[in-house]
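Given next are the chains, with one letter for each unit.
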Amino acid sequence: MNTALLLMTLLLVAVAALVVVTTHDPRRQAAPLSVFSLCLTVLFVVFQAPDVALSELAVGAAVVPLLVLLTVRKVGRR
Amino acid sequence: MRTRDGLALVGGTGVAALLVAAFLRMPAVGEHAHVYRDLVLPAALRANTPNLVSSVNFDLRAFDTLGEETIVAAAVVGVLALLQPPDRRATPPQRGYVLPAVRFSGYLLLPVAVVLGLDVVLHGHLTPGGGFQGGVVLATGWHLLYLSGSYSALQRLRPLAWLEHAEAVATGLYVATGLTGLVVTGGFLANFLPLGRFGSLLSAGTVPLLSVLVGLEVAAGVIVLLSRFLAHGLGHAR
């Protein structure tokens, strides 16, 4: 059961990462990037690393997609 | 283009081979023998720090954390230097349409995020978390003001001049704490405060102090950093 859970979350992360990579428009990439970070957060919790999970949740799911969105908006306007 | 692809292929294959070699020698998940854990656990218990990760971050490897803190400070200084505020005095952005449900959840979650951030910072030595995580939660949670309220509300409740100073002062105080340890005990960043009772809020010596300093630095730094990105993304003068 435990191994199945670990494998399932690993698979979830892999699928989410694939979606991020195959999204070509950077404008749309921020949303799957955020979801990918959420999947990574779940993975870290399952692997009993709550400290890293908190970092990933705050930085990966919130700050980085926001920076990407703001940068794309600025660069796209030129 | 071809050369670049070839180079990437060679590099990627090398990294993949190294990763496979490393994974093959990794101890199995949940195994009982682990050298680092057997060294860290007694050290953390001696220092009355229930959260082993914080014990590593702010006691055993506090010097590494100083380096990481400096990286955050350098990133903020870099953004401040490279992203000068736009020149033109454009009007602050117009209020766009936000779904009422989003607005409502934002108002609901703003106090929750702030309390959670403070909790994660202050209990870094007891429960999962610490200065870095709590600081980022505080900084991002504060931006719910923009999502639910307005940009001018965020601007009014975001004293950037103070935050820039707070970031620098917190980084400096981390070094000062380390130097105090050097003077009192003879080791840079060594603990010099009483260890207290195991599991109580005021315990674990310098671990909560350093955690709070990092929390202050990270929260202020991330807000300052995001302010420049927001100013450019929304196209207005600071």
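Values in this document were obtained by computation on a predicted structure and should not be read as measured data.

All names here are of chain A. In the UniProt entry, the feature "transmembrane region" (unreviewed entry) is given for residues 6–23, 30–47 and 53–72. As annotated, residues 30–47 comprises 94% helix and 0% strand, and the C-alpha atoms at either end are separated by 26 Å. For residues 53–72, helix accounts for 100% and strand for 0%, while the C-alpha atoms at its two ends are 27 Å apart.

Attention shifts here to the environment of Thr180 of chain B. All names here are of chain B. Looking at the element boundaries, Thr180 is found in helix H9 (residues 160–185). When the 17 C-beta atoms within 10 Å are taken as the criterion, Thr180 is described as partly exposed. C-alpha of Thr180 to C-alpha of Asn191: the two residues are eleven residues apart in sequence and 9.2 Å apart in space.

Opposite the 15 residues of chain B that make contact, chain A presents twelve residues. For the side of chain B that touches chain A, the secondary-structure elements that each account for two or more residues are helix H6 (131–142) and helix H10 (206–234) of chain B. Of the residues belonging to the side of chain B that touches chain A, the class tally is nine nonpolar, six polar and no charged.

UniProt's feature table lists "domain: MrpA C-terminal/MbhD" (unreviewed entry) at residues 11–76 of chain A, given in the numbering used throughout. Secondary structure across residues 11–76 of chain A comprises 91% helix and 0% strand; the distance between its end C-alpha atoms is 34 Å.

Before going further, it helps to examine the nonpolar core. Counting 51 residues, the largest nonpolar core has Ala219, Val222 and Ile223 of chain B as the members making the most contacts within it. Those elements that provide at least two residues to this core are helix H2 (26–46) and helix H3 (50–77) of chain A together with helix H4 (62–82), helix H5 (100–122), H6, helix H7 (144–148), H9 and H10 of chain B. Counting residues per element, this core draws most heavily on H10 of chain B, at 17 residues. Those residues in contact with Ala219 of chain B that sit more than four places away from it in its chain are Gly135, Leu138 and Ala139 of chain B.

Count 3.6 residues to each turn of an α-helix, and residues three or four apart come out pointing the same way. In this model, helix H2 (residues 35–46) of chain B (twelve residues) spans 18 Å end to end at C-alpha, consistent with the 16 Å of a helix rising 1.5 Å per residue. Counting buried positions along H2 of chain B gives one out of twelve residues, so the element sits mostly on the surface.

Take the UniProt feature "transmembrane region" (unreviewed entry) in chain B next. All names here are of chain B. UniProt feature "transmembrane region" (unreviewed entry): in the numbering of this structure it lies at residues 66–83, 104–126, 132–154, 166–189 and 209–231. This span, residues 166–189, is 83% helix and 0% strand, and a straight line between its end C-alpha atoms measures 21 Å. Helix makes up 100% of residues 209–231 and strand makes up 0%, while its end C-alpha atoms are separated by 33 Å.

Turning our eyes to something else, we now look at the environment of Glu167 of chain B. Residue and element names in this part refer to chain B. Relative to the helices and strands, Glu167 resides in helix H9. For Glu167, a count of 25 C-beta atoms within 10 Å translates into the label buried. Residues Glu167 and Val214 lie 47 residues apart in sequence; the distance between their C-alpha atoms is 9.0 Å.

This part covers the environment of Gly172 of chain B. Secondary-structure assignment places Gly172 of chain B in helix H9. For the pair Gly172 of chain B and Glu217 of chain B, spaced 45 residues apart in sequence, the C-alpha to C-alpha distance is 9.7 Å.

Bringing the packing of H4 of chain B against H9 of chain B into the picture now. Residue and element names in this part refer to chain B. Look at H4 against H9: their axes get within 11 Å of each other, and the N-to-C directions meet at 160°. With respect to H9, the element H4 is oriented roughly antiparallel. Judged by the sense of rotation from one axis to the other, the crossing of H4 with H9 is left-handed. Of H9, the residues touching H4 (which contributes Leu66, Glu69, Ala73 and Val76) are Glu167, Thr171, Tyr174 and Gly178. Grouping the amino acids of the contact of H4 with H9 by side-chain chemistry returns four nonpolar, two polar and two charged.

Here we come to the confidence of the model for chain B. Residue and element names in this part refer to chain B. Residues at a pLDDT of 70 or more form 94% of chain B, whose mean pLDDT is 85. Across chain B, the element-wise mean pLDDT spans from 79 in helix H8 (residues 151–156) up to 93 in helix H1 (residues 2–24). Prediction confidence for the complex, expressed as pTM and ipTM, is 0.81 and 0.82 respectively.

The rules behind each value
- Residues numbered from 1 in each chain as written.
- Chains lettered and ligands numbered in written order.
- Predicted model: local features only at pLDDT ≥ 70, side-chain atom pairs only at ≥ 80, totals over all residues.
- UniProt positions renumbered as here; feature names shortened; annotations may be inferred.
- Helix = DSSP H or I, 4+ residues; strand = E, 2+ residues; numbered from the N terminus.
- Buried ≥ 20, exposed ≤ 12 C-beta atoms within 10 Å, placed from the backbone.
- Contact = placed C-beta atoms within 7 Å.
- Nonpolar A, V, L, I, M, F, W, Y, C, P; charged D, E, K, R; others polar.
- Core = buried A, V, L, I, M, F, W, Y, C linked by C-beta atoms within 7 Å.
- Expected span 1.5 Å × (residues − 1).
- Axes fitted to C-alpha atoms, helices over the stretch in contact; angles between N-to-C directions.
- Parallel < 35°, antiparallel > 145°, perpendicular 65-115°, else oblique.
- Left-handed = near helix turned anticlockwise from the far one by under 90°.
- pLDDT = per-residue confidence, 0-100.

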